[in-house]
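Residues per chain, in single letters:
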Amino acid sequence: MSADHHVTREHGATKGRFVIRHGGEEAELTYSVTTPTLIIADHTGVPDSFRGTGAGLALVEALVAAARKDGFKVVPLCPFVNATRRKHPDWADVFV
(Lines give C-alpha, C1' and ligand atoms only; values in the text may rest on other atoms or scores of the structure.)
Protein backbone atom coordinates (compact mmCIF):
# COMPACT_ATOMS: atom_id res chain seq x y z
CA MET A 1 0.00 0.00 0.00
CA SER A 2 1.13 3.56 -0.58
CA ALA A 3 3.19 4.58 2.41
CA ASP A 4 1.90 8.17 2.61
CA HIS A 5 -1.80 7.26 2.86
CA HIS A 6 -3.51 5.87 5.92
CA VAL A 7 -6.53 3.87 4.77
CA THR A 8 -9.26 2.91 7.24
CA ARG A 9 -12.12 0.51 6.65
CA GLU A 10 -15.68 1.08 7.77
CA HIS A 11 -17.64 -2.16 7.37
CA GLY A 12 -21.33 -2.72 7.98
CA ALA A 13 -23.78 -5.56 7.33
CA THR A 14 -24.75 -4.38 3.84
CA LYS A 15 -22.33 -1.59 2.92
CA GLY A 16 -18.83 -0.41 3.66
CA ARG A 17 -16.00 1.76 2.50
CA PHE A 18 -12.29 2.33 2.56
CA VAL A 19 -11.39 5.92 3.47
CA ILE A 20 -8.38 8.23 3.43
CA ARG A 21 -8.85 11.42 5.43
CA HIS A 22 -6.60 14.45 5.05
CA GLY A 23 -7.10 18.14 5.61
CA GLY A 24 -10.79 17.77 6.37
CA GLU A 25 -11.47 15.90 3.12
CA GLU A 26 -12.08 12.24 2.34
CA ALA A 27 -11.22 9.94 -0.54
CA GLU A 28 -13.32 6.80 -0.50
CA LEU A 29 -13.98 3.49 -2.18
CA THR A 30 -17.49 2.26 -1.37
CA TYR A 31 -18.85 -1.25 -1.64
CA SER A 32 -22.01 -3.27 -1.15
CA VAL A 33 -22.01 -6.60 0.63
CA THR A 34 -23.97 -9.25 -1.31
CA THR A 35 -22.88 -12.32 0.69
CA PRO A 36 -20.18 -12.90 3.32
CA THR A 37 -17.86 -13.96 0.50
CA LEU A 38 -18.82 -11.47 -2.25
CA ILE A 39 -18.82 -7.67 -2.37
CA ILE A 40 -19.44 -5.19 -5.17
CA ALA A 41 -16.97 -2.30 -5.39
CA ASP A 42 -19.35 0.38 -6.64
CA HIS A 43 -17.70 3.80 -6.37
CA THR A 44 -14.36 5.50 -5.87
CA GLY A 45 -14.37 9.21 -5.09
CA VAL A 46 -11.19 11.23 -4.81
CA PRO A 47 -11.31 15.00 -4.17
CA ASP A 48 -9.28 17.25 -6.46
CA SER A 49 -6.87 17.96 -3.60
CA PHE A 50 -5.94 14.24 -3.53
CA ARG A 51 -5.46 13.83 -7.28
CA GLY A 52 -2.02 12.70 -8.35
CA THR A 53 -1.13 11.51 -4.84
CA GLY A 54 -1.84 7.82 -5.37
CA ALA A 55 -4.87 7.92 -3.08
CA GLY A 56 -7.10 6.02 -5.52
CA LEU A 57 -4.52 3.27 -5.94
CA ALA A 58 -4.04 3.07 -2.15
CA LEU A 59 -7.80 2.53 -1.74
CA VAL A 60 -7.85 -0.32 -4.27
CA GLU A 61 -4.75 -1.85 -2.69
CA ALA A 62 -6.53 -1.81 0.68
CA LEU A 63 -9.55 -3.51 -0.91
CA VAL A 64 -7.34 -6.24 -2.41
CA ALA A 65 -5.52 -6.77 0.90
CA ALA A 66 -8.83 -7.04 2.80
CA ALA A 67 -10.24 -9.49 0.24
CA ARG A 68 -7.22 -11.74 0.64
CA LYS A 69 -7.20 -11.49 4.43
CA ASP A 70 -10.95 -11.95 4.93
CA GLY A 71 -11.56 -14.40 2.06
CA PHE A 72 -14.07 -12.51 -0.07
CA LYS A 73 -14.25 -11.89 -3.83
CA VAL A 74 -14.87 -8.52 -5.48
CA VAL A 75 -17.13 -7.59 -8.39
CA PRO A 76 -15.41 -4.46 -9.84
CA LEU A 77 -18.49 -2.43 -10.86
CA CYS A 78 -16.66 0.87 -10.25
CA PRO A 79 -14.86 1.95 -13.46
CA PHE A 80 -11.75 3.05 -11.54
CA VAL A 81 -11.48 -0.23 -9.63
CA ASN A 82 -12.01 -2.18 -12.85
CA ALA A 83 -9.36 -0.19 -14.75
CA THR A 84 -6.87 -0.52 -11.88
CA ARG A 85 -7.55 -4.26 -11.64
CA ARG A 86 -6.63 -4.67 -15.31
CA LYS A 87 -3.21 -3.12 -14.65
CA HIS A 88 -2.49 -5.68 -11.89
CA PRO A 89 -2.94 -9.25 -13.16
CA ASP A 90 -1.48 -10.46 -9.85
CA TRP A 91 -4.78 -9.37 -8.23
CA ALA A 92 -6.87 -11.77 -10.37
CA ASP A 93 -7.42 -14.04 -7.35
CA VAL A 94 -9.73 -11.51 -5.66
CA PHE A 95 -11.83 -10.33 -8.62
CA VAL A 96 -14.74 -12.12 -10.32
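Remember, it's a predicted structure, so these values are computed and weren't measured experimentally. (Residues numbered from 1 in each chain as written. Predicted model: local features only at pLDDT ≥ 70, side-chain atom pairs only at ≥ 80, totals over all residues. Heavy atoms only, no water.)

A.B. asks: Summarise the pattern of salt bridges; cite the residues concerned and give the values.
C.D. replies: The full count for this structure, using the stated rule, is 9 salt bridges. R9 is the salt-bridge partner of D70, the closest N and O atoms lying 2.8 Å from each other. You can see D70 sitting in helix α1 (residues 55-70) and its partner R9 sitting in strand β1 (residues 7-11), a full 61 residues away along the chain. Residue D70 is classed as partly exposed on the basis of its relative accessible area of 39%. Close ionic contact of K69 with D70 constitutes a salt bridge, the shortest N to O distance being 3.4 Å. Among the residues examined, K69 registers a relative accessible area of 71% and is labelled exposed. (Salt bridge = Lys/Arg side-chain N within 4 Å of Asp/Glu carboxyl O. Helix = DSSP H or I, 4+ residues; strand = E, 2+ residues; numbered from the N terminus. Buried < 20%, exposed > 50% of the residue type's maximum accessible area, 1.4 Å probe, protein only.)

A.B. asks: Break down the packing of aromatic side chains for me, citing the residues and quoting the values.
C.D. replies: Applying the stated criterion across every chain yields a total of 1 aromatic pair. Ring geometry for F18 against Y31: centres 5.7 Å apart, planes inclined by 45°, an arrangement best described as tilted. Pair noted here: F18 is in strand β2 (residues 15-22) and Y31 is in strand β3 (residues 25-35), with a separation of 13 residues, a long-range link. Its relative accessible area of 3% is what places F18 among the buried residues. (Phe/Tyr/Trp six-rings, centres within 6.5 Å; stacked < 30°, edge-to-face > 60°.)

A.B. asks: Which residues make up the sheet that holds β1, and what values do they have?
C.D. replies: Spatially, the 5 strands line up as an open sheet ordered β1-β2-β3-β4-β5, and their pairing is mixed. Two strands lie at the open edges of the sheet, namely β1 and β5 (73-76), each paired on one side alone. On average, each strand axis in the sheet is tilted by 25° relative to the strand beside it, whichever way the strands run. Where β3 meets strand β4 (residues 38-45), 7 bridges bridge the pair, whose relative direction is antiparallel. Across the sheet, the residue bridging to T30 is H43, located in β4. Strand contacts of α1: β1, β2, β3, β4 and β5, with the helix running at about 140° to β2, the strand carrying the most contacts. (Pairing = 2+ DSSP bridges. Axes fitted to C-alpha atoms, helices over the stretch in contact; angles between N-to-C directions. Contact = heavy atoms within 4.5 Å.)

A.B. asks: Hey, could you go over the packing of α1 against helix α2 (residues 79-86) for me, with residue numbers and the actual values?
C.D. replies: α2 packs onto α1 with a crossing angle of 80° between their chain directions and a minimal axis gap of 10 Å. Our classification of the angle between α1 and α2 gives roughly perpendicular. Together, G56, L57, V60 and L63 of α1 and F80, V81 and T84 of α2 make up the contact between the two elements. Partitioning the contact of α1 with α2 into residue classes produces 5 nonpolar, 2 polar and no charged. (Parallel < 35°, antiparallel > 145°, perpendicular 65-115°, else oblique. Nonpolar A, V, L, I, M, F, W, Y, C, P; charged D, E, K, R; others polar.)

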